[in-house]
Amino acid sequence: MQTVAVLSLKGGVGKTTIVLGLASAALRRGARTLVVDLDPQCNATATLDPDDTDATLADVLETPRPAVLRDAIAHSGWGDEVDVLVGSETLELLNDQDPDPRRLEKLSRALLELGPLLDDGQLPYQLVLLDCPPSLGRLTRSALMAAHGALLVTEPTLFAVSGAQRAFEAVEKAREEHNPNLSPLGVVVNRVRPQSYEHQYRIAELREHFGRLVMPVALPDRLAVQQAQGACLPIHQWGTPGAREVSLALNLLLARVLRTSGRGRHRTESWPDSDLDAEVDESDGDSDMNVVAEN
């Protein structure tokens with residue numbers, strides 16, 4: 001099981017869009033995925049449209065026992081291979097800015113129960129995506145303590161680039177203080193318009209700050225993303241040219257994330273090397289960032 005925290009310290013950059021897109025790409029592969037909705041806005045939960053639950057993530061963070069965890073997880077409306085640890089607006093009450101370190105461990109403790117929690121015959125989760133709020137309180141810090149890797153999301157705008165830098169510093173601090181196994185997986189640039197000189201300037205600025213951590217494939221700005229989310233459907237099932245363009249970029253992004261997070265760790269049979277390398281190699285033909293274009 002690979003656990004990835006997806007974060008930004010600036011709101012509105014499409015962080016939840018990336019979480020949902022990666023879940024959609026994993027669903028396409030047939031890989032069982034759990035989305036943990038740590039953002040009190042609960043946008044991931046709303047789009048994934050799970051069944052009603054007797055508990056939420058807020059309850060899990062207060063009482064990380066197996067019975068509570070079981071009551072807070074539901075199958076999504078996307079199918080049985082994508083589950084949701086459902087969010088709640090009451091999470092905001094738990095997002096204190098100077099939390100007791102013992103409280104930061106509760107999410108990690110809960111996620112350790114995922115394996116024993118599964119019923120006989122159920123496949124284990126192969127990917128856990130932690131959708132963090134755009135702030136550095138208890139919720140994001142808990143995610144960084146629980147994750148194997150952190151994916152930073154930004155837009156090619158001035159303030160978003162600044163937010164990515166602060167998020168990177170938070171990841172480094174979490175690794176030094178709490179989680180030595182945490183690694184930055186990369187910076188993904190969302191909502192790119194290739195013809196925008198401002199966007200190209202900010203992408204160059206990101207490369208100057210982060211070097212090879214900037215993902216070589218960016219996500220284009222397409223209306224299909226909002227349309228699919230509004231319909232509570234995976235982007236891979238939306239079927240328009242714009243959706244296919246975004247889906248291809250997400251396939252490459254997922255392959256890159258999994259290959260990066262697998263370095264130095266045992267790779268399970270769930271993510272064959274040949275499959276990952278084939279998709280990553282598609283995006284590595286040019287050293288410059290590419291926005292995947294529809295032919």
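Figured I'd write up the structure that's included with this text.

## Points about the packing of helix α9 (residues 158–177) against helix α10 (residues 197–210)
Here α9 crosses α10 at 20 degrees, and the two axes come no closer than 10 Å. With respect to α10, the axis of α9 lies roughly parallel. Along this stretch, α9 crosses α10, giving a crossing that reads as right-handed. Each of Leu158, Val161, Ala164, Gln165 and Phe168 in α9 lies in contact with α10, whose residues at this interface are Arg202, Glu205, Leu206, His209 and Phe210. Its residues placed into classes, the contact of α9 with α10 shows six nonpolar, two polar and two charged.

## Topic: the sheet that holds strand β5 (residues 127–131)
In space, the seven strands of this open sheet follow the order β3-β4-β2-β5-β1-β6-β7, with mixed pairing throughout. Taken across any chain shown, the strands that pair with only one partner, and hence form the sheet edges, are β3 (73–76) and β7 (183–189). Taken over all neighbouring pairs, the strand axes of this sheet differ in orientation by 25 degrees on average, direction set aside. Pairing of strand β1 (residues 2–7) with strand β6 (residues 149–154) involves four bridges; the strand directions are parallel. By the bridge assignment, Val6 is partnered in β6 with Leu151. Seen against the sheet, helix α8 (residues 138–146) touches β1, β5 and β6 and runs at an angle of roughly 150 degrees to β1.

## Concerning the pairing of β1
For a regular strand, the rule is simple: side chains alternate between the two faces of the sheet. Here β1 lies mainly inside the structure; six of its six residues are buried. Going residue by residue along β1, you find Gln2, Val4 and Val6 tucked away on one face and Thr3, Ala5 and Leu7 tucked away on the opposite face as well. As paired strands, β1 and β5 are joined by five bridges and run parallel to one another. By the bridge assignment, Val6 is partnered in β5 with Asp131.

## Digging into unusual backbone geometry
For Cys42, which is not glycine, the phi dihedral falls at a positive 60 degrees. With respect to the helices and strands, Cys42 occurs in the loop between β2 (33–37) and α2 (43–48). Classification of Cys42 as buried rests on a relative accessible area of 14%. Here the phi dihedral of Cys232 falls at roughly 60 degrees; this positive angle occurs in a residue that is not glycine.

## Let's talk about the nonpolar core
Judged by nonpolar contacts, the single largest core of 50 residues is most densely connected at Val36, Leu38, Leu57, Leu85, Leu130 and Leu144. A per-element tally of this core places α9 first, with six residues. Ignoring any residue separated from it by four or fewer positions in sequence, one finds Leu38 in contact with Leu57, Leu61, Leu91, Leu107, Leu130, Asp131, Cys132, Pro133, Leu139 and Ala143. Grouped together as the second largest cluster of nonpolar side chains are 42 residues, Val86, Ala249, Leu250 and Val257 included.

Conventions used here
Along each chain, numbering runs from 1 in the same order as the chain's sequence is written. Local features in a predicted model are, by the rule used here, given only for residues with pLDDT of at least 70; side-chain atom pairs are given and counted only at 80 or more, and totals for whole chains, interfaces and linings are based on all residues. In computing side-chain values, all of the structure's heavy atoms are included and hydrogens and water are not. Throughout, an axis means a line fitted to C-alpha atoms (over the contacting stretch in the case of helices), and angles, computed between N-to-C directions, take values from 0 to 180 degrees. Helix numbers and strand numbers start at the N terminus; a helix is a DSSP run of H or I with at least 4 residues, a strand a run of E with at least 2. Angles are sorted into four bins: roughly parallel if under 35 degrees, roughly antiparallel if over 145, roughly perpendicular if 65 to 115, and oblique for all others. Should the near helix be turned anticlockwise from the far one by less than a right angle, the crossing is termed left-handed; should it be turned clockwise, right-handed. The contact criterion used is simple: two residues touch if any of their non-hydrogen atoms lie within 4.5 Å. When residue character is reported, Ala, Val, Leu, Ile, Met, Phe, Trp, Tyr, Cys and Pro are called nonpolar, Asp, Glu, Lys and Arg charged, and the others, Gly included, polar. Two strands are said to pair when DSSP picks up at least two bridges between them. Throughout, exposure labels follow a simple rule: accessible area from a 1.4 Å probe, protein chains only, divided by the maximum for the residue type, with under 20% read as buried, over 50% as exposed, and the rest as partly exposed. Only buried residues count toward a nonpolar core, which is a set of Ala, Val, Leu, Ile, Met, Phe, Trp, Tyr and Cys residues joined through side-chain atoms within 4.5 Å.

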